[in-house]
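Chain residues, written in single-letter form:
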Amino acid sequence: MRSQAKPQPRAVHDISCGKALRERALGRAGSPDPVPQALIAQIAAEIEDHCGHRRLKCRRLAVGWTVAQAVAAAHQFVEEENLAKVGLSERSWKDWEAGGLPSPEYQDLLCHLFATNPVELGFARDYSPAPTTGVTSPLWNGDGTDVTLLEGEAAGTGAGSRTFTEVEATKRRDAVKLAGLAMASPAVAAQILEQAAAEAMEFTRQAEATSLGSGTLDHLDLAVTEFNRAYSLKPPRAVFDAVMDYRRKVDTLLKGRHTHRQERELLAFAGWLSELLAWLAHDLGDARTGLAFATDAFVHGQEAGHGQLCAWAMDAAASINLYEQRPGKARDAALKGLIEAPATHPLTVRLHAQAARAAAADGDADGFTTAYRAAEDAYRLLPPRSPRRFGMDVLPLADYALTSYPATSYVWLGQAEEARQHAERALTTYEAAPAASRSPSREAIARIDLALAHALLGDPDDAVALGHQALDSARVVDSVRHRAGDLTSFLTRRYPRQSAVEGLCERVAAADAAARPALSATTGA
């Protein structure tokens, strides 16, 4: 076997050279199908010695895979073996072939995939001593390469061509060590055990090795908390820029060295920042960017094993799709979030209400009723103590969803009296909420829903007054302007040539015009 992983030289040969070496080796062996693992290991060693690539790349070339094929094979292996899903990408694989060290979980996956061990893939070193001269073993062929049985023994099997016998590398190495310990003198045995203790200490050191500062994760937790508090209080453009800066920093940290626990926390912070960026992009009127960050938040939540984060990401995606007049996709996002959300969490109430609102937007009154009843049922199952999200109570979000969302839904379904009742309840709920949980934009939308209800009931004056109150909000974001446009469009059709209506139309147009420079600056960043 290779007693120690040698320093990796810089690759000097093109991959075509490795491919040629593989083809020659297969030709000499009679083109076996499938190719024995022992022969693949021998080809990988030859490519390493001749071409200078790192061991993971050598093993891939020995198998005959491109990077894309290797990644696809890894995903297929995970599927076939019913292992936990992974987010392996071509970029990650290329980083590892360039010298980056995979996490212990990915090292284990790669070893399974190639049926070998960390040493043979360049992830670790083997410090076990070579067998003493004169000691023979059926697992040792004497040339320093632990890949095949002795050629004579292979020929003795009666095979007409050169035959390779597959034996798992890890088992062979363990057998050599155990045999050496059993036959060794007490002094040598003590030396072997002392070496094993040193290896254990090295394993521990590598598991704890990290490039993160001691306070980095605490700082990120504080930053994400402050960003969430600032969301409803500061202009979305200013918050977007600051959050985007931190999202880039977390991406850089993820590419550094860290423990598995730290990686999960970094993945979660990346997801939370992307979830907030999704809402901010939505507020700035950029649905495409918002949906991209919602997807990114969901993926990072999956990688971190954080189902609740995945559900919050889909809540954002549902709202964005709804305002883009894609109720089917909004409903799909809500249902996808419900799979991840805890059953007794206010977020479950909100996602059911999102599905109800999407059904109403699609003109499906029965679908709205079914989903809304599910939201009410989930609300009744909430525990006495409300959970918190970055220090803020999330129960008001469920309260808003059960009042504001149905108000909007009843407007879309043309049920004016029900819309009026729910919009009034929504305003009461918003006004009674603690300052930290207030949502000026949702409150403004509730006023627009109430205005639309009054317009449907034949009261344009109150509708116009409520429209102006909505535009007086401290946070007139894109969703508010969008719904205000719905209001003015309806008023113009139902009550043409009224000066009050024209005045509201002019104010909405001015708000849209004022928002365009900020949107352009953000999307161009």
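Refer to the structure printed above.
Residues numbered from 1 in each chain as written. Predicted model: local features only at pLDDT ≥ 70, side-chain atom pairs only at ≥ 80, totals over all residues. Heavy atoms only, no water.

K.L.:
What's the story with the nonpolar core in this structure? I'm lost.
P.N.:
Within soluble globular proteins, side chains that are nonpolar generally end up buried alongside one another. One finds Phe-240, Val-243 and Leu-491 to be the most contacted residues of the largest nonpolar core, which totals 105 residues. Examining the composition of this core, we find that 13 residues originate from one element, helix H12 (residues 260–283), more than from any other. Counting residues in each nonpolar core, the second largest holds 33 residues, with Ile-47, Tyr-106, Cys-111 and Leu-113 among its members. (Core = buried A, V, L, I, M, F, W, Y, C linked by side-chain atoms within 4.5 Å. Buried < 20%, exposed > 50% of the residue type's maximum accessible area, 1.4 Å probe, protein only. Helix = DSSP H or I, 4+ residues; strand = E, 2+ residues; numbered from the N terminus.)

K.L.:
Would you explain the side chain of Thr-488 in this entry?
P.N.:
Tracing the backbone shows Thr-488 in helix H22 (residues 478–494). Classification of Thr-488 by relative accessible area gives buried; the value is 7%. A polar atom in the side chain of Thr-488 sits 3.0 Å from the backbone oxygen of Gly-485. Not counting residues up to four positions away in its chain, the partners in contact with Thr-488 are Leu-504, Cys-505 and Val-508. (Polar contact = N/O pair within 3.5 Å; in protein donor to acceptor, adjacent residues only side chain to side chain. Contact = heavy atoms within 4.5 Å.)

K.L.:
Would you mind going over the state of the cysteines with me for this structure?
P.N.:
In protein structure, a disulfide is the covalent linkage between the sulfur atoms of two cysteines. A full pass over the atoms with the stated rule returns zero disulfides. There is no disulfide at Cys-58, and the cysteine sulfur nearest it, in Cys-51, is 7.1 Å away. (Disulfide = S-S within 2.5 Å.)

K.L.:
Whenever I open this one, helix H17 (residues 365–380) confuses me. Can you help?
P.N.:
Given 3.6 residues per turn, any residue in an α-helix points the same way as the ones three and four places further on. With 16 residues, H17 extends 23 Å between its outermost C-alpha atoms, agreeing within 8% with the 22 Å of an ideal straight helix rising 1.5 Å per residue. Listing the buried residues of H17 in full gives Phe-368, Ala-371, Tyr-372, Ala-375 and Ala-378. Across the axial projection of H17, the buried residues extend over an arc of 115°, all falling on one side. In this structure, H17 carries Asp-366, Thr-370, Arg-373 and Arg-380 as exposed residues pointing more than 90 degrees from its buried face. Looking at the buried positions of H17, the neighbouring elements they touch are helix H16 (346–361), helix H18 (395–412) and helix H19 (416–432). (Expected span 1.5 Å × (residues − 1). Arc of directions from axis to C-beta.)

K.L.:
Can you walk me through the pattern of salt bridges in this structure?
P.N.:
Evaluated as defined, the whole model comprises 25 salt bridges. Salt-bridge contacts for Asp-377 lead to Arg-380; the nearest nitrogen and oxygen are separated by 2.2 Å. In this pair, Asp-377 and Arg-380 are both assigned in helix H17, three residues apart and thus about one turn of the helix distant. We classify Arg-380 as exposed; its relative accessible area is 59%. The residue Asp-512 makes a salt bridge to Arg-481 at a minimum N-O spacing of 3.5 Å. Placement of Asp-512 in helix H23 (residues 499–523) and of Arg-481 in helix H22 is noted, with a sequence separation of 31 residues between them. (Salt bridge = Lys/Arg side-chain N within 4 Å of Asp/Glu carboxyl O.)

K.L.:
Where do I start with helix H1 (residues 15–28) in this structure?
P.N.:
With 14 residues, H1 should cover 20 Å at 1.5 Å per step; its first-to-last C-alpha distance of 20 Å lies within 8% of that length. Looking at the buried side of H1, the elements it contacts are helix H2 (37–51) and helix H3 (55–63).

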